[in-house]
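Listed below, chain by chain, are the residues.
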Amino acid sequence: MNKFINEDLTKAYKLIDQGKTALVCTKGINEKQYNITPIGWFTTYDYEPVTKVLFVSDPNHQCAKNIERTKEFSICIPKNENDEIINKCGSVSDKNIDKFAMFNIKGTKATKTDTFILPENAKAIIEFKLIKIIEESTVKIFMGEAVAAFKLKD
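An account of the accompanying structure is given in this report. Residue positions are given per chain, counted from 1 along the sequence in the order it is written. Thresholds applied to this predicted model are a pLDDT of at least 70 for local features of residues and 80 or more for the giving and counting of side-chain atom pairs; totals over whole chains, interfaces and linings are not thresholded and use all residues. Hydrogens and waters are ignored; side-chain quantities use all the structure's heavy atoms.

On to the packing of aromatic side chains, then. Where two aromatic rings form a pair, the distance of their centres and the angle of their planes describe that pair. Only Phe, Tyr and Trp rings are paired, with Trp represented by its six-membered ring, and only when their centres lie within 6.5 Å; those with planes under 30 degrees apart are stacked, over 60 edge-to-face, the remainder tilted. Scanning the entire structure with this criterion turns up six aromatic pairs. Measuring from ring centre to ring centre gives 4.4 Å for Tyr-34 and Phe-116, while their planes differ by 20°; the resulting arrangement is stacked. Taken together, the residues Tyr-34 in strand β3 (residues 34-39) and Phe-116 in strand β8 (residues 116-117) connect sequence positions 82 residues apart. With 5.4 Å between their ring centres and 80° between their planes, Phe-55 and Phe-73 make a pair best called edge-to-face. Residue Phe-55 is located in strand β5 (residues 52-57), and its partner Phe-73 is located in strand β6 (residues 72-78); the two are separated by 18 residues in the primary sequence. Three exposure classes are used, based on accessible area relative to the maximum for each residue type with a 1.4 Å probe and protein chains only: buried under 20%, partly exposed in between, and exposed over 50%. Residue classification places Phe-55 among the buried positions, given a relative accessible area of 0%. By relative accessible area, which is 0% here, Phe-73 ends up buried. Strands are runs of DSSP state E lasting at least 2 residues, helices are runs of H or I lasting at least 4, and numbering of each runs from the N terminus.

Tracing the sequence through the fold places Lys-99 in helix α3 (residues 99-102). Buried charge Lys-99 goes without a salt bridge, the closest partner of opposite sign being Asp-98 at 9.5 Å. Distance and chemistry together define a polar contact, namely a pair of N or O atoms within 3.5 Å, with one atom able to donate a hydrogen and the other to accept it when in protein, and with adjacent residues in sequence counting only for side-chain atoms on both sides. A polar contact is formed between the side chain of Lys-99 and the backbone oxygen of Cys-89, at a distance of 2.8 Å. In this analysis, two residues are considered to be in contact whenever any of their non-hydrogen atoms come within 4.5 Å of each other. The contact partners of Lys-99, leaving out residues within four places of it in the chain, are Tyr-34, Asn-35, Ile-36, Thr-37, Cys-89, Val-92, Asn-104 and Ile-105. Charge counting follows a simple rule: Lys and Arg are positive, Asp and Glu are negative, and His as well as the terminal groups are ignored. Salt bridge, as used here, is a side-chain nitrogen of Lys or Arg placed within 4 Å of a carboxyl oxygen of Asp or Glu.

On to the nonpolar core, then. A general feature of soluble globular proteins is that nonpolar side chains tend to end up buried together. Of all hydrophobic cores here, the largest spans 22 residues; its most connected members are Val-24, Phe-55, Ile-67, Phe-73, Ile-75 and Ile-126. Of all the elements in the fold, those that place two or more residues in this core are β2 (22-27), β5, α1 (62-70), β6, β9 (122-136) and β10 (139-152). Examining the composition of this core, we find that four residues originate from one element, β9, more than from any other. In contact with Phe-55, not counting residues within four places along its chain, are Val-24, Ile-39, Trp-41, Phe-42, Cys-63, Ile-67, Phe-73, Lys-140, Ile-141 and Phe-142. Side-chain atoms within 4.5 Å link the members of a nonpolar core, which is a set of buried Ala, Val, Leu, Ile, Met, Phe, Trp, Tyr and Cys residues.

Within α1, the full set of buried residues consists of Gln-62, Cys-63, Ala-64, Asn-66 and Ile-67. For α1, the secondary structure elements touched by its buried residues are β2, β3, β5, β6, β9 and β10. Positive backbone phi, approximately 65°, marks Lys-71, located one or two places after α1.

As structure tokens, then:
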């Protein structure tokens, strides 16, 4: 993470590319298992006193189940929208799969959450604690509050 610097949590929303895919990182069901899920339906909804985001997920996806269980997640904003990790990690959802191991992805332990993040592939990383989950029809809306934020050094 030495390529990154801390970002003020009130300004972390500026790190998010609206309309782009984010990689949501969560803790899996096993001790050393972590998950990565590409999410296209996310946005900031507040930034005072700190940045808050929401995203939409199928409640049957492992990402949703992991966040419900652990009450935390991280979002990595890819350097490249065509990053192969997006396609690979979006191709499978299973509680027993470790996508880091399956796709030989290098991850680093996050600073404030029990997640693995992708500093080699990200231009920004934000860690969140879960605030609320809203069920709407066939989806769940996850709302989180930033607890740490990092951006690439200029």
